[in-house]
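Each chain, written out:
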Amino acid sequence: MSVVAQAVTPFNGPGVGWFALSPLLVLVGAALFLLVAGALTPTWWRGLYAFVTAVAAGTAGVLAVVLWDDISDRGPATLVGGALALDTFAMFATIVVCVGLLLVAMVTSDVLHRAGNDGPEIYALYLVAATGGIVMAAANDLIVLFVGLETLSLALYVLAASDRRRAASAESGLKYFVLGGFSSAFFLYGVALIYGVTGSTNISRIVEAFGDRLPIERNDALVLAGVALLLVGLAFKVAAAPFHVWTPDVYQGAPTPVSSFMASVGKAAAFAAMLRVLLVALPFYRDDWRPIVWILAVTSLVVGSFLAVVQTDVKRMLAYSSINHAGFLLVGVEAAAHRAGETDAGLGVSSVLVYLLAYSVLVIGSFAVVALVARTTDGATDLDAFRGLSRRRPALALALTVLLVAQAGVPFTSGFVAKFGVIRAAVDEHSYVLAVVAMVSSVVAAFLYLRIMVAAWITEAPDGELEREPIPFTTGVALIMCVGFTLFVGVVPGWLLDAAERTTDFAR
Amino acid sequence: MEGLEQFPILTSIVLVPVAGALGTVLAGRRRPELVRLVGLVASIATGALSVWLLAGFDTGDAGFQFVSQHSWIGAWGISWHLGVDGISLLLVVLTGVLFPLSILGADAHHDHKPYLAWLLLLEAGVMGSFLSLDLFVFFIFFEIVLVPMYFLIGGWGYDNRVYAAMKFFLFTMFGSAFMLVGIIATVFIARDNGVGEITFDLVRLAEQAEFPVGAGRWLFVAFAIAFAVKVPIFPVHTWLPDAHTQAPTAGSVILAGVMLKLGTYGLLRFGLYLFPEAAWWSRPVLLTLAVVGIIYGAIVATMQTDLKRLVAYSSIAHLGFIVLGTFAVTSQALTGSVLQMVNHGLSTGALFLLVGWIYERRHTRAIAELKGIQTVAPIFAAGFMVVMLSSIGVPGLNGFVGEYLVLIGSFLTARWWTVVAAAGVILASVYLLWAYQRVFHGEPDDDNRTFAELRPREGLVLSVFVGLIVFLGVYPKPLIDRVEPSVNALVTHVEERTGESIPRPEEPTVALEEEGG
């Protein structure tokens, strides 16, 4: 049979592991289904678009778990002619993306319904963006990585501008588009330089090329320039200072669920890609790029925490705090950098993954509360809108409090487990300065979370009582899931840490 | 006390308040009296457990008792490891006693449900900090107490409460930031220096790890910063007057009575015990800061116009004695320090309650506006007098025992610091007696003529305080017997690790035994 097939088709395409691609296929399929079926039928029941999205996200997540087991049994591999990596690292990132997608879809449903904008397009864009994110996390080829990056980014540009009635949303989309396009160009130029030196964009070949030729002819200037450009592109995507300037404006202007999507899925995908590029493709240059990561980490920590404090808009605050969190994640990346290319990967990689999952849930929950509060204030999200929240909605105020103290890193929450893991990784590599800077910056950032809590619990509403926020069903469920996850991981983190520690065996 | 062997009493002491907090939350919104009953019962149950612990404690044993250890986060080498020795025993009992008294003695006036829930969570956190023998578990509890206290000050405090609550939270968290890095570094460095694997177990780290001198000193500094903020030691004390003054009465009682002890206890347990060499090396600095705190606190207290602020500054002075005793590292001074932690908890706790009661009656704490209360409320004044004398350290009351032991113990190893510190005892009588004179003596003016006498509920609470103050002043032997073995073991541990020989008096407690009869 195979002999016949070879005889008929001279082009011998790469084998495609269809099942290994199933999470991606489910998401793409759901996006196409929503677009086609949504276009041909009248408006669906409330929440049905979101339901389809959530089911797709859930299915993709479950498939990723199944694949995880397969990989644990058979070891990592590459797919589609070495274009995609099939390893536990990619699966963990896939699960993070799917969890983020699921939660964001639930929150979006109510926001869109209230605005009278319910339709399939937004969800299709979410699904496409999530697909792009997963491709980024799994890409074993720099061009494939770029394709994933652009898929994610283009969808996000449109999503940011998707609230047609608010000029701020359009501004946000445009800003993100212009700056994002700029950073993509940097990234692509970096890919080109690396290709120029190694003769391939495939990560496995790049590693081989370095391994073979490096000792003899070091084309340092070209490679270093390439690494720098790659880092610029990725640092922009993860919103690390000094490439963060877009973040506050875009987060503030974009529809609230979209902001949470950027902060969770976008960040997770970009960090996964960053880890893979730096640790798998460029370990030979780790002593050159590690200081850059160090500086990015410190500036993000400092800028994120100190500038957050002077904000008065909660969405802007959360945007700056996401920069601070990016700094924490970079502390983990820096720790991982010490062991790049070694068999014993250390603690850095797993700590970053745990942090990504914990933070994604936290930030989506926090933005969900913001979205609910903004319903009764005509979209205003400044601190005044939160005043007296505990009088109107004690449960909502409590949920917000749990999510905020978790972001501050208070024990018995997932945020503490995440921060502890990152600091532990840094200390294990003797990055004491970075660890101390990170912890002190988290104190400064705590001031910001306290300010929101003061508004919610202690100060009264400005003039008379504001309207009591209704809590729609799906957002309520999403919030319960976020808070439940936050507290559960805070008390019983063992299973998550064990899983994350099995992600260090990259496909090469 | 055979039941104690099987019963997981330490875990219960931590979890009963948590259950009580859940109970108050679940109790109906329309039944405030039920909510208060649940809160009170939970705190009394915890107090009873701690007294049971006291009764079942084996006096002669210096090591940790009632140890309970279960693996918690295996991947990180963290276990739920609780245990109690003579040093933590008294603090646990103090916590168990102070919480019901402050719930009974001070009313929240509004929102009883969250108030009691936060208070009980606070109790769980404090108990957990005193009982945990795992660095990670300790840190978790040490850090978590910030949240309930923040809400107590912010939600039920006085005019400037938001500022005070935030200052309290951020100062303490700033200290903890260094400690967290320190804890993790301790574990990793210990792995490579004698322990051989990753463990957060305090006992194993203290007994097996041989920290390199430089690393040990850095680690000690990281821990000491956190505890110095918590105590607070002189230059980082500025959060304390604000937090104390703005906190609701029960909050001040707990803050002064128990939470400051987290700092002094931490210095003993995680400073002296874990890093003996570094602690010994740091003595000159910490002793100096302690003495500065004693004198500075006393002088500033004298100048206060607000009664509550005066008591707050007096705390800084009293805690200076505890730090002095801790870093004098003689057996007597350490025993005195531990006793002083208990005594300060009782006397300052009671003072804060009394000031709170004055505020409830007069809606002012300004010393200038209070006058001649003794004439209209003699029992109230008498109660205040006893508590105040205990705080001054008059012989026959509990304050004297601790301060005396600290001073004679410290004289052996830190002579000149002790000489200066002794002046603090005199200053204490200056600011407290002067304040008493202005508030209680003289003829009451119109505003103070209607000052209500001690109410039965207040009388009940105060009589417990006064009873303990007098009892411990006359007969401190039971406490000393329990503290001393653990303290002696600690001194021996420090001697072994530093190679110093710490002078010991021939008959350490003769004088006190005679006094006790």
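Check the entry above for the structure.
Keep in mind the model is a prediction, meaning the values are calculated, not measured.

Parameters and conventions
Residues numbered from 1 in each chain as written. Chains lettered and ligands numbered in written order. Predicted model: local features only at pLDDT ≥ 70, side-chain atom pairs only at ≥ 80, totals over all residues. Heavy atoms only, no water. Helix = DSSP H or I, 4+ residues; strand = E, 2+ residues; numbered from the N terminus. Rg over C-alpha atoms; globule rule 2.2 N^0.38 Å. Buried < 20%, exposed > 50% of the residue type's maximum accessible area, 1.4 Å probe, protein only. Contact = heavy atoms within 4.5 Å. Buried area = accessible area lost by both parts, 1.4 Å probe. Salt bridge = Lys/Arg side-chain N within 4 Å of Asp/Glu carboxyl O. Polar contact = N/O pair within 3.5 Å; in protein donor to acceptor, adjacent residues only side chain to side chain. Nonpolar A, V, L, I, M, F, W, Y, C, P; charged D, E, K, R; others polar. Patch = residues over 30% accessible without salt bridge, like charges linked within 9 Å, V, L, I, M, F, W, Y side chains within 5 Å. Areas by Shrake-Rupley, 256 points an atom, 1.4 Å probe, with all protein chains shown as cover. Core = buried A, V, L, I, M, F, W, Y, C linked by side-chain atoms within 4.5 Å. Pairing = 2+ DSSP bridges. Expected span 1.5 Å × (residues − 1). Axes fitted to C-alpha atoms, helices over the stretch in contact; angles between N-to-C directions. Parallel < 35°, antiparallel > 145°, perpendicular 65-115°, else oblique. Left-handed = near helix turned anticlockwise from the far one by under 90°. Phe/Tyr/Trp six-rings, centres within 6.5 Å; stacked < 30°, edge-to-face > 60°.

Secondary structure summary: chain B contains 23 helices and two strands in total. A compact globule built from 517 residues would reach a C-alpha radius of gyration of about 24 Å, and chain B, at 22 Å, matches this within 12%. Taken along the three principal axes of its C-alpha coordinates, chain B extends 70 × 55 × 45 Å. Counting every position in chain B, which comprises 517 residues, the buried fraction comes to 63%.

Contacts between the two partners involve 36 residues from chain A, matched on the other side by 33 residues from chain B. Of the roughly 3,300 Å² buried at the junction of chain A and chain B (both faces included), carbon and sulfur atoms supply 84%. Of all residues in chain A, Phe420(A), Arg424(A) and Ile458(A) bury the most surface against chain B, accounting for 19% of the area lost on that side. Where chain A packs against chain B, one counts two salt bridges. Here Arg191(B) makes a salt bridge to Asp428(A), at a shortest N to O gap of 3.3 Å. Connecting chain A to chain B are four residue pairs in polar contact (both at pLDDT 80 or more). Every element with two or more residues in the side of chain A that touches chain B is listed here: helix H17 (394-408), helix H18 (414-428), helix H19 (432-457) and helix H21 (494-501) of chain A. With 14 residues, the single largest contributor to the side of chain A that touches chain B is H19(A). For the side of chain A that touches chain B, a count of residues per class yields 26 nonpolar, four polar and six charged.

Residues Leu154(A), Leu174(A), Phe177(A) and Val178(A) make up a contiguous nonpolar surface patch of about 390 Å² in total accessible area. Under the relative-accessibility criterion, Leu174(A) is labelled exposed at 55%.

Here we come to the nonpolar core. Ranked by internal contacts, the top residues of the largest apolar core, which has 388 residues, are Met262(A), Leu282(A), Trp289(A), Leu122(B) and Phe169(B). When neighbours within four sequence positions are excluded, Leu282(A) is seen to be in contact with Ile194(A), Phe210(A), Val227(A), Leu230(A), Val277(A) and Trp289(A).

Residue and element names in this part refer to chain B. When strand E1 (residues 65-73) meets strand E2 (residues 78-84), the two strands line up antiparallel, connected through six bridges. Note that in E2 the partner of Ser68 across the bridge is Leu82. The hairpin formed by E1 and E2 contains four residues between the paired strands, and Gly77 there has a positive phi angle of roughly 70°.

Another aspect to go through is helix H6 (residues 142-160) of chain A. Each full turn of the α-helix corresponds to 3.6 residues, which orients residues three or four apart in the same direction. Across its 19 residues, H6(A) extends 26 Å between first and last C-alpha, which sits within 8% of the 27 Å expected from 1.5 Å per residue. For H6(A), the N-terminal cap is Asp141(A); the gap from its side-chain oxygen to the backbone nitrogen of Ile143(A) is 2.9 Å.

With that out of the way, let us pick up the environment of Val333(A). Residue and element names in this part refer to chain A. Tracing the backbone shows Val333 in helix H13 (residues 314-337). A sequence separation of 55 residues divides Val333 from Leu278, and the C-alpha atoms of the two residues are 9.2 Å apart. Contact partners of Val333, with chain neighbours within four places excluded, come to Phe271, Leu275, Leu278, Val293 and Val352.

Time to look at the environment of Gly349(B). All names here are of chain B. Considering the arrangement of structural elements, one finds Gly349 in helix H16 (residues 331-362). Remark: the alpha-carbon pair of Gly349 and Leu255, spanning 94 residues in sequence, is separated by 8.6 Å. Once you skip the residues sitting within four places of it in the chain, Gly349 turns out to touch Val253, His344 and Phe465.

Attention now moves to the packing of H16(B) against helix H21 (residues 456-474) of chain B. All names here are of chain B. Two elements in contact, H16 and H21, have axes separated by 10 Å at closest approach and are oriented at 155°. Regarding the angle of H16 to H21, the classification is roughly antiparallel. When you trace H16 past H21, the crossing you get is left-handed. Of H21, the residues touching H16 (which contributes Val342, Asn343, Leu346, Ser347, Gly349, Ala350, Leu353, Leu354, Trp357, Glu360 and Arg361) are Glu458, Val461, Leu462, Phe465, Leu468, Ile469 and Leu472. Considered class by class, the residues forming the contact of H16 with H21 number twelve nonpolar, three polar and three charged.

Here we come to the packing of aromatic side chains. Residues and elements named next belong to chain A. A full pass over the atoms with the stated rule returns 57 aromatic pairs over all chains. Consider the rings of Phe182 and Phe186, whose centres lie 5.4 Å apart with planes at 85°: the pair is edge-to-face. Pair noted here: Phe182 and Phe186 are both in helix H7 (residues 167-198), with a separation of four residues, about one helical turn. Residue class for Phe182 comes out exposed when judged on its relative accessible area of 55%.

Counting buried positions along E2(B) yields seven of seven residues, so the element is predominantly enclosed. Side-chain alternation along E2(B) places Ile78(B), Trp80(B), Leu82(B) and Val84(B) on one buried face and Ser79(B), His81(B) and Gly83(B) on a second face that is also buried.

The next thing to look at is the packing of helix H3 (residues 48-74) of chain A against helix H5 (residues 120-138) of chain A. All names here are of chain A. Between H3 and H5, whose axes approach to 9 Å, the crossing angle comes to 15°. It follows that H3 is roughly parallel to H5 by the angle criterion. In this structure, H3 crosses over H5, and the sense of that crossing is right-handed. Each of Tyr49, Ala50, Thr53 and Ala56 in H3 lies in contact with H5, whose residues at this interface are Pro120, Tyr123 and Leu127. Among the residues forming the contact of H3 with H5, the class breakdown is six nonpolar, one polar and no charged.

Another aspect to go through is helix H6 (residues 135-144) of chain B. Residues and elements named next belong to chain B. The buried count for H6 comes to ten of ten residues, which makes it a mostly enclosed element. Buried residues of H6: Leu135, Phe136, Val137, Phe138, Phe139, Ile140, Phe141, Phe142, Glu143 and Ile144, and no others. Between the side-chain oxygen at the start of H6 and the backbone nitrogen of Phe136 there is a gap of 2.9 Å, and the oxygen is on Asp134.

Applying the stated criterion to the full structure yields 25 salt bridges over all chains. For Arg339(A), the salt bridge goes to Glu429(A), with nearest N and O atoms at 3.2 Å. One end of the pair, Arg339(A), is in the loop between H13 and helix H14 (348-375); the other, Glu429(A), is in the loop between H18 and H19, with 90 residues separating them in the sequence. Pair check on accessibility: Arg339(A) and Glu429(A) agree, each one buried. Across the pair Arg449(B) and Asp446(B) runs a salt bridge whose closest N-O atoms are separated by 3.0 Å. A relative accessible area of 47% places Arg449(B) in the partly exposed class. One network of salt bridges, in which partners are shared, links Glu171(A), Lys175(A), Asp249(A) and Arg316(A).

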